[in-house]
Amino acid sequence: MSTPLNIAAHGATQTWTIDLPEVGNAITDKGFISAFEAAVDAANADLDVRAVILTGAGKIFSAGGNVKEMADRTGMFGLDALDQRRAYVDGIQRIPRALGRLEVPLIAAVNGPAVGAGCDLAMMCDIRVASERASFAESFVQIGIIPGDGGTWFLPRAIGYERAAEMTFTGDRIDAATALEWGMVTRVVPHDDLLTEALALAERITKNPAHALRMAKRLLQESRAGSLDSTLAMAAAMQPLAHRDPEHEQRISRWRTAP
């Protein structure tokens, strides 16, 4: 039986593949959102998982919202204004909240167009690797709506306010080369090598101790919204725990005996 989010294990790395090709890998369906939340919670609970790669099935990373439902005024898009407001909170906004509590590093392997909420989903990831076929568009205004999923929070933090403003106000699409130039992605690779490159990056991450990785990610998240003082306080609280992690002790012992 097909699932909207296919999960596969590769050692300490999981790949999560959005598999809704009939709707362009749209992420607004409640079934997908529930599966996504469940994947986050399961990864958090399993210390053997040290990194996750997120990608899309087929030729597209994600089209974001279900435009057909918007046009037909069905699903959440057929509700009155007050109910639709609640539907955003209880629907797609659950995705950034779920990723806000994901403890392990998340790599987006952007295999094709990432449009609207699909672009925002990529921006929610810690690291982005792009296929040469990838493109990105914050396209909401082109159909007369706004980012309802947190895009105005994530996109400026990925590429700076001015470039985020250009993408948000025009809705224009940028290609993979421009995304690399703007710092939106860390690398652009041949399409057929995308998952290989993403897995190689994940392997460099997952060789590190599980607790240290999770605490380091939490500190990075704190630094995006918190003050220097709050980040320092969190680091001071976490570091003694890291020092007492058996993996830390093992690695220090190996370092001391290394030639």
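Look up a bit, the structure's there.
Residues numbered from 1 in each chain as written. Predicted model: local features only at pLDDT ≥ 70, side-chain atom pairs only at ≥ 80, totals over all residues. Heavy atoms only, no water.

Looking now at the sheet that holds strand 5 (residues 113-115). With respect to topology, 3 strands assemble into an open sheet ordered 5-7-8, the strand pairing being mixed. The open sheet has two edge strands with one neighbour each: strand 5 and strand 8 (173-175). Shown here is a sheet whose adjacent strand axes are inclined to one another by a mean of 15 degrees, direction ignored. Summarising the sheet, strand 5 and strand 7 (residues 135-137) pair through 3 bridges and their orientation is parallel. Residue pairing across strands places alanine 114 opposite phenylalanine 136, the latter belonging to strand 7. (Pairing = 2+ DSSP bridges. Helix = DSSP H or I, 4+ residues; strand = E, 2+ residues; numbered from the N terminus. Axes fitted to C-alpha atoms, helices over the stretch in contact; angles between N-to-C directions.)

The next point concerns the packing of aromatic side chains. Under the criterion given, the structure shown has 3 aromatic pairs. Considering the side-chain rings of phenylalanine 32 and phenylalanine 36, the 5.6 Å spacing of their centres and the 40 degrees angle between planes classify their relative orientation as tilted. Taken together, the residues phenylalanine 32 and phenylalanine 36, both in helix 1 (residues 30-45) and 4 residues apart, mark about one turn of the helix. Arranged with centres 5.1 Å apart and planes meeting at 75 degrees, the rings of tryptophan 153 and phenylalanine 154 form a pair that is edge-to-face. In this structure an aromatic cluster arises from ring pairing among Trp16, Phe32 and Phe36. (Phe/Tyr/Trp six-rings, centres within 6.5 Å; stacked < 30°, edge-to-face > 60°.)

So, about the environment of tyrosine 88. Inspection of the secondary structure puts tyrosine 88 in helix 3 (residues 81-90). Separated by 29 residues in the primary sequence, tyrosine 88 and alanine 117 have C-alpha atoms spaced 12 Å apart. When sequence neighbours within four positions are dropped, the list of residues in contact with tyrosine 88 reads Met76, Phe77, Gln93 and Gly148. (Contact = heavy atoms within 4.5 Å.)

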